[in-house]
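# Fold and contact review
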Amino acid sequence: MAKIKRQKIKTLLESGAAVENVRVQGWVRTRRDSKGGFSFLEVNDGSCLKNLQAIIDANLPGYDELTHQLTTGSCVDLLGNLVESPAKGQSVELQVKKLKIYGSADPEKYPLQKKRHSFEFLREIAHLRPRTNTMGAVMRVRNRLAWAIHKFFNERGFVYLHTPIITASDCEGAGEMFQVTTLDLDHVPKVDGKADFSQDFFGDKTGLTVSGQLEGEAYALALGEIYTFGPTFRAENSNTSRHLAEFWMVEPEMAFYDLDDDMDLAEEFIKYLVRDVLENCADDMEFFNQRIDSTILTTLKNIVDNSFERIHYSDAIHLLQKSNKTFQYAVEWGCNLQAEHERYLAEEAFKKPVVLYNYPESIKPFYMKLNEDRETVRAMDVLLPKLGEIIGGSQREDDYEILLERMKAKGVDPEEYGWYLDLRRFGSAPHSGFGLGFERLVQFVTGMENIRDVIPFPRTPKHARF
RNA sequence: UCCGGCGUGGCGCAAUUGGUAGCGCAAACGGCUGUUAACCGUUGAGUUACAGGUUCGAGUCCUGUCGCCGGAGCCA
């Protein structure tokens, strides 16, 4: 007889039809024994949030021994008939005819119990936490978002560009870098008291990328529209629920886009992603709404249905000054907006996503395009209620002279960025782009409070285990 | 990095003015039931993060270290 292929629980539950001879493989969540002569098994195979209820009849050979091993966490291979369930709680259930245990899990030692665990505890067992409902749901949504990102850009003719992970660009204005070296740290070769990187692997001082933007610009100015989607690293000692040392970033870069086009794309992008998840991860999203954040579905629907508020930085400053709220940090033109200010704008003033643009030149990096007033740059940030900044972008400076001038003013060595200046010396074009923190997006969409719980194995200061 | 809080059985927590540890869940065993966050009973399980100190006596007070959480800064 031919081998019966595994069916995913998701497929079986979606069809809801009775079928004979189906094979299900997965992990036992709980077992409830009935002295009526059978046991109920809740099996999950990761294909969806829901478990499949399996009935193990006491007449099965070796029932006593087998059920004993069917503990929470054990892995099983089940063969049987999918039938309509006589009891409430599920439409179909599996009447098991053949049972095999791939791996048991000693209940005295298995850390996951059939009870709620704190996320703090689950982080300590990051290799086992994917077997929980919440982490399973988070990872399915995360996957769907990643897929939707590729879909969105490819539908629009963007080219997926792989920018380097290791780079010699020193300061891209985006934070501290992790150094990459093969030098013997116990005996670092030195010249004039400083490390001699000419003897290092790359013959130069290198680090892990903090952004693929500059490389992305080079390709946008040839292919038209590109996007990157990959890991990014920041060696900042940030200990917050919104920061990781290693995170994934999406960075589209488009030739011939001005700042308005850039903002249009960012808004369309976020709405597209949210809509996609609402449509394709309905069960998981329902779970988040019930167990994690009871407002999440309403919030997401609002985002899809309403346009984002777009407001000049200067107008936002006025608005904040006019508000009767007392802020911990004073508001004045030229200051960086604090988290409390951003929160006021998105959560109280407008109660929806806000796009702030035309920031003071003084608080933004050298590559952003200077406005005619020479005081502001064409920069924009998208602020989300509760989460804060999720997107930062700008139209890039395409004028050679101005770019050079701004580099010098910001203390960036033009020598090192000769190649970047070349993009303005040869066939320069107006272009724009933005960066989106992928984990923050997952956080926002799922309602999860801590960014460490939306990435499989989080990297934060003092934490690189697993 | 700064400010605040916390660190007690596998997990979540409790312990009055300092008087040498309890509860719930989980687990094991038994009972009961087409059960479904199952239910009922019994049992076992803790050098109270670590290192010092004060005291007749420290989970409780003090110092230091480590870790975790919340907020802030930096940002995505």
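Residues numbered from 1 in each chain as written. Chains lettered and ligands numbered in written order. Predicted model: local features only at pLDDT ≥ 70, side-chain atom pairs only at ≥ 80, totals over all residues. Heavy atoms only, no water.

## Looking at the nonpolar core
It is characteristic of soluble globular proteins that their nonpolar side chains tend to be buried jointly. Counting residues in each nonpolar core, the largest one holds 59 residues, and the members touching the most others are Met-285 and Met-380. Counting residues per element, this core draws most heavily on helix α6 (residues 259-280), at 11 residues. The residues contacting Met-285, other than those within four sequence positions of it, are Val-141, Val-277, Ile-296, Leu-297, Leu-300 and Val-445. Counting residues in hydrophobic clusters, the runner-up holds 32 residues, among them Ala-346, Val-354, Leu-383 and Leu-403. (Core = buried A, V, L, I, M, F, W, Y, C linked by side-chain atoms within 4.5 Å. Buried < 20%, exposed > 50% of the residue type's maximum accessible area, 1.4 Å probe, protein only. Helix = DSSP H or I, 4+ residues; strand = E, 2+ residues; numbered from the N terminus. Contact = heavy atoms within 4.5 Å.)

## Looking at the state of the cysteines
Inspection of the entire model under this criterion finds zero disulfides. Free of any disulfide, Cys-75 has its nearest cysteine sulfur in Cys-48, 16 Å distant. For Cys-75, a relative accessible area of 15% gives the class buried. Note on Cys-281: no disulfide assigned, nearest cysteine sulfur contributed by Cys-48 at a separation of 12 Å. (Disulfide = S-S within 2.5 Å.)

## Considering the pattern of salt bridges
The tally for this structure, following the rule as stated, stands at 32 salt bridges. Between Lys-151 and Asp-276 there is a salt bridge, and its shortest N-O distance comes to 3.4 Å. Here Asp-276 lies in helix α6 and Lys-151 lies in helix α4 (residues 133-155), a separation of 125 residues in the sequence. Residue Asp-276 is classed as buried on the basis of its relative accessible area of 6%. Between Arg-156 and Glu-268 there is a salt bridge, with the nearest N and O atoms lying 2.8 Å from each other. Within this pair, whereas Arg-156 is found in the loop between α4 and β6 (159-160), its partner Glu-268 is found in helix α6, the two being separated by 112 residues in sequence. Of the residues examined, Arg-156 reaches a relative accessible area of 29% and is grouped as partly exposed. Glu-268 gets classed as partly exposed once you look at its relative accessible area, which sits at 37%. (Salt bridge = Lys/Arg side-chain N within 4 Å of Asp/Glu carboxyl O.)

## Some words on the protein's contact with RNA strand B
Around RNA strand B there are 55 residues in total, and Asp-33, Lys-88, Arg-123, Asn-237 and Arg-440 lie nearest to it. Within 4 Å of the protein, atoms of RNA strand B come from sugar and phosphate in 49% of cases. Take Leu-244: an N or O atom from its main chain is 2.7 Å from a base nitrogen of RNA strand B. In this structure, Tyr-329 approaches RNA strand B through a side-chain N or O atom, which is 3.2 Å from a sugar or linking oxygen. Of the residues in the surface near RNA strand B, the class split is 14 nonpolar, 22 polar and 19 charged. (Near = heavy atom within 4 Å. Polar contact = N/O pair within 3.5 Å; in protein donor to acceptor, adjacent residues only side chain to side chain. Nonpolar A, V, L, I, M, F, W, Y, C, P; charged D, E, K, R; others polar.)

## So, the pairing of strand β18 (residues 431-437)
Counting buried residues in β18 gives seven out of seven residues, a clear majority hidden from the surface. Where burial is concerned, the two faces of β18 agree: the one with His-431, Gly-433, Gly-435 and Gly-437 and the one with Ser-432, Phe-434 and Leu-436 are both buried. Pairing between strand β17 (residues 388-395) and β18: five bridges, direction antiparallel. Bridge pairing in β18 links Gln-395 to Ser-432. (Pairing = 2+ DSSP bridges.)

## Digging into the sheet that holds strand β7 (residues 166-167)
Strand order in the open sheet made by the three strands is β7-β11-β8, with antiparallel pairing throughout. Of all strands in the sheet, those bounded by a partner on one side alone are β7 and β8 (179-180). Two strands pair when backbone bridges link them, and β7 and strand β11 (residues 206-208) are joined in this way by two bridges, in the antiparallel orientation. Paired with Ile-166 across the strands is Leu-208, a residue of β11.

## Re the side chain of Ser-74
Take Ser-74: it is sitting in the loop between α2 (63-69) and β4 (75-84). Owing to a relative accessible area of 0%, Ser-74 belongs among the buried residues under this scheme. Polar contacts involving the side chain of Ser-74 include one to the main-chain carbonyl oxygen of Thr-71, which spans 2.7 Å. Discounting residues that sit within four places of it in the chain, Ser-74 has contacts with Gly-26, Trp-27, Val-28, Gln-69, Gly-103, Ser-104 and Ala-105.

## So, the domain arrangement of chain A
When the domains of chain A are assigned, the result is domain 1 (9-103) and domain 2 (131-175 + 210-453). Across the contact, eight residues belong to domain 1 and eight residues belong to domain 2. Interface area for domain 1 against domain 2, summed over the two sides, is near 640 Å², with a carbon-plus-sulfur share of 41%. When the buried surface of domain 1 facing domain 2 is broken down by residue, Arg-29, Leu-49 and Lys-50 rank first, second and third, together holding 69% of it. At the junction of domain 1 and domain 2, the tally comes to one salt bridge. One salt bridge connects Asp-283 with Lys-50, and the closest N-O pair in it is separated by 3.1 Å. Our count for the contact surface shared by domain 1 and domain 2 stands at four residue pairs in polar contact (both at pLDDT 80 or more). The residue inventory of the side of domain 1 that touches domain 2, partitioned by class, reads three nonpolar, three polar and two charged. (Domains from an automatic or database assignment. Buried area = accessible area lost by both parts, 1.4 Å probe.)

## Brief notes about the packing of aromatic side chains
Counted under the stated rule, the structure contains 21 aromatic pairs. Seen from their ring centres, Phe-287 and Phe-288 are 5.8 Å apart, and the 70° between their planes marks the pair as edge-to-face. Here Phe-287 matches Phe-288 in class, with each residue buried. With a centroid separation of 5.5 Å and an interplanar angle of 80°, the aromatic rings of Phe-366 and Tyr-367 are classed as edge-to-face. Tyr-367 matches Phe-366 in its accessibility class, with the two residues each being buried. For Lys-364, the ring lying beneath its charged end belongs to Tyr-359, and the centroid distance is 4.2 Å. The positively charged end of Arg-424 is found above the aromatic ring belonging to Tyr-420, 4.2 Å away from the centroid. (Phe/Tyr/Trp six-rings, centres within 6.5 Å; stacked < 30°, edge-to-face > 60°. Lys NZ or Arg CZ within 6 Å of the ring centre and 35° of its normal.)

## Quick look at the packing of helix α5 (residues 213-223) against helix α12 (residues 418-425)
For the pair α5 and α12, the least separation of the axes is 10 Å and the interaxial angle reads 30°. Between α5 and α12, the angle is such that the two are roughly parallel. Considering how the two elements wind past one another, α5 and α12 form a crossing that is left-handed. Residues Gln-213, Leu-214, Glu-215, Glu-217, Ala-218 and Leu-221 of α5 form the contact with α12, whose own contacting residues are Trp-419, Tyr-420, Leu-423 and Arg-424. Looking at the contact of α5 with α12 residue by residue, the class counts come to six nonpolar, one polar and three charged. (Axes fitted to C-alpha atoms, helices over the stretch in contact; angles between N-to-C directions. Parallel < 35°, antiparallel > 145°, perpendicular 65-115°, else oblique. Left-handed = near helix turned anticlockwise from the far one by under 90°.)

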